[in-house]
Amino acid sequence: MNETPAYIIKSYLVGEGLLTDPADSGDWPVYTGVLPDSPEVVDDIVACMDTSGVKDGRSMKTGVTLFHQGVQILLRSEDYNDGYAKVQTLADALAEIQNAEEVISGTTYEINNVTQTTDVIVLSQEEGSKRRGFFSVNFLVTITVL
Amino acid sequence: MAHIIKITGAKEIKKRLRSVNAQLSGGFRRGLFKAGLFLQRKSQEVVPVHKGNLKNTAGTRAIGSGWSSDVIVFYTSDYAVYVHERTDALHGKAFNLKHKKEIANATTAAQKKLWFNRGVNQKAKFLEEPARDYRDKILKIIAGAVKGIK
């Protein structure tokens, strides 16, 4: 794979219209591997992070080792309830995936399955004056290159 | 506290062992607890340390009895989930590189308490990652304890 699982999931969520590319200056921009915090970046943002996966044995027929890669959705929001609702929407959208195709830079990836491994985890509100909410939810994904 | 990870496979081991000999339940509980302690130890090797509070709040507890036993490995610190889930935060080697200057310039005791080289293996997901990396070993510990293998 040329792209990381988190990048592929990010691309899928942007394609579904649930999140936007930061370059488009829309609502809920999504980043990969980083959750930026600076005056130029809006408060309501999402990050797709790559986390550890699970090795699930080897196919005796093909010899291919099966991996389920870990992906985490990390969300920061100005309004606590909006953040919770948004992360729940994202989790629901990912739960519906069944062999969804995603084309990135000429490569077609098939997202076979996304399994949510935790409930929405509330990481409490930020200290200081901004009091932004943080949420995370974790997944194991199965992605194949077509 | 949020439920972070559940190790799959222990149920299958229990089912098989139970079908072989229902008297092995004591060994199963012992095995689960040993596996929990093993996971706690592996987690302690990578948990981020600043003042040591988070690391010191780790624990392993067995609940239930016999075949209904379960084991929980936990951190009771109220910010444990925050540190565990904030995968964007810098720990270990990345922290040392980013704050190289501050660490080098720390001279007073107060500065040295904040700016010091962190253990290179420290990271977020300090419980989930060892649980996934050592899943095979954890399941072997459980099965081994039931069979009396050390």
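What you are looking at is a predicted structure, and each value in this text was computed from that prediction instead of being measured.

## Here we look at the interface of chain A and chain B
Often the size quoted for an interface is simply the accessible area lost on bringing the parts together. In this complex, chain A contributes 16 residues to the contact, which on the side of chain B involves 15 residues. For the side of chain A that touches chain B, the secondary-structure elements that each account for two or more residues are β2 (45–58), β3 (65–77) and β6 (121–125) of chain A. If you tally residues by element for the side of chain A that touches chain B, the top one is β2 of chain A, at 5 residues. Per-class residue counts for the side of chain A that touches chain B are 8 nonpolar, 7 polar and 1 charged.

## Some remarks on the packing of helix α2 (residues 25–44) of chain B against helix α9 (residues 135–147) of chain B
All names here are of chain B. Between α2 and α9, whose axes approach to 7 Å, the crossing angle comes to 150°. The orientation of α2 with respect to α9, classified from their angle, is roughly antiparallel. Read as a crossing pair, α2 and α9 show a hand that is right-handed. Between α2 and α9, the contacting residues are Gly-27, Phe-28, Arg-30, Gly-31, Leu-32, Lys-34, Ala-35, Phe-38 and Leu-39 on the first element and Ile-138, Ile-141, Ile-142, Ala-143, Gly-144, Ala-145 and Val-146 on the second. Grouping the amino acids of the contact of α2 with α9 by side-chain chemistry returns 11 nonpolar, 3 polar and 2 charged.

## Focus: unusual backbone geometry
Working note: non-glycine residues mostly have negative phi, and peptide bonds are mostly trans. All names here are of chain A. One non-glycine residue, Trp-28, lies in positive phi territory at about 50°. The exposure class assigned to Trp-28 is partly exposed, which follows from the 19 C-beta atoms found within 10 Å. The backbone of Asn-99 shows a phi angle near 50°, a positive value even though the residue is not glycine. Among the secondary structure elements, Asn-99 is positioned in the loop between α2 (80–95) and β4 (100–104).

## Examining the packing of helix α1 (residues 10–20) of chain B against α9 of chain B
Residues and elements named next belong to chain B. The interhelical angle for the contact between α1 and α9, taken along N-to-C directions, is 20°, at an axis separation of 10 Å. In terms of orientation, α1 and α9 fall into the roughly parallel class. At the point where α1 passes α9, the crossing takes the right-handed sense. Together, Ala-10, Ile-13 and Leu-17 of α1 and Leu-139, Ile-142, Ala-143 and Val-146 of α9 make up the contact between the two elements. In the contact of α1 with α9, the residues fall into 7 nonpolar, no polar and no charged.

## Quick word on the confidence of the model for chain B
All names here are of chain B. When the pLDDT values of chain B are averaged, the result is 88; 94% of them are 70 or greater. The secondary structure element of chain B with the lowest average pLDDT is α1, at 75, and the one with the highest is helix α3 (residues 53–56), at 95. Confidence metrics for the complex model read pTM 0.85 and ipTM 0.84.

## Quick word on the nonpolar core
Ranked by internal contacts, the top residues of the largest apolar core, which has 32 residues, are Ile-9, Ala-47, Cys-48, Ile-73 and Val-141 of chain A. Secondary-structure elements contributing two or more residues to this core are α1 (5–15), β1 (30–32), β2, β3, α2, β5 (107–116), β6 and β7 (133–145) of chain A. Per-element accounting of this core gives the leading share, 7 residues, to β7 of chain A. The next biggest cluster of nonpolar side chains, apart from the first, holds 25 residues, and it includes Val-71, Ile-141, Ala-143 and Ala-145 of chain B.

## Remarks on the environment of Glu-110 of chain A
Residue and element names in this part refer to chain A. Relative to the helices and strands, Glu-110 resides in strand β5. Residue Glu-110 is classed as partly exposed on the basis of its 15 C-beta neighbours within 10 Å. Along the primary structure Glu-110 and Gln-98 are separated by 12 residues, whereas in three dimensions their C-alpha atoms are 9.0 Å apart. Among all residues touching Glu-110, those that are not within four sequence positions of it are Asn-99, Glu-101, Ile-143, Thr-144 and Leu-146.

## Things to note about α1 of chain B
Note that an α-helix has 3.6 residues per turn; residues three or four places apart therefore point the same way. Residues and elements named next belong to chain B. Of the positions making up α1, those classed as buried are Ala-10, Lys-14 and Leu-17. The arc that holds every buried residue of α1, seen down its axis, measures 75°, which confines them to one face. The exposed set on the far side of α1, more than 90 degrees from its buried face, consists of Lys-11, Glu-12, Lys-15, Arg-16 and Ser-19. Summarising the contacts, the buried residues of α1 are in contact with α2 and α9.

Basis of the calculations
Residues numbered from 1 in each chain as written. Chains lettered and ligands numbered in written order. Predicted model: local features only at pLDDT ≥ 70, side-chain atom pairs only at ≥ 80, totals over all residues. Contact = placed C-beta atoms within 7 Å. Helix = DSSP H or I, 4+ residues; strand = E, 2+ residues; numbered from the N terminus. Nonpolar A, V, L, I, M, F, W, Y, C, P; charged D, E, K, R; others polar. Axes fitted to C-alpha atoms, helices over the stretch in contact; angles between N-to-C directions. Parallel < 35°, antiparallel > 145°, perpendicular 65-115°, else oblique. Left-handed = near helix turned anticlockwise from the far one by under 90°. Buried ≥ 20, exposed ≤ 12 C-beta atoms within 10 Å, placed from the backbone. pLDDT = per-residue confidence, 0-100. Core = buried A, V, L, I, M, F, W, Y, C linked by C-beta atoms within 7 Å. Arc of directions from axis to C-beta.

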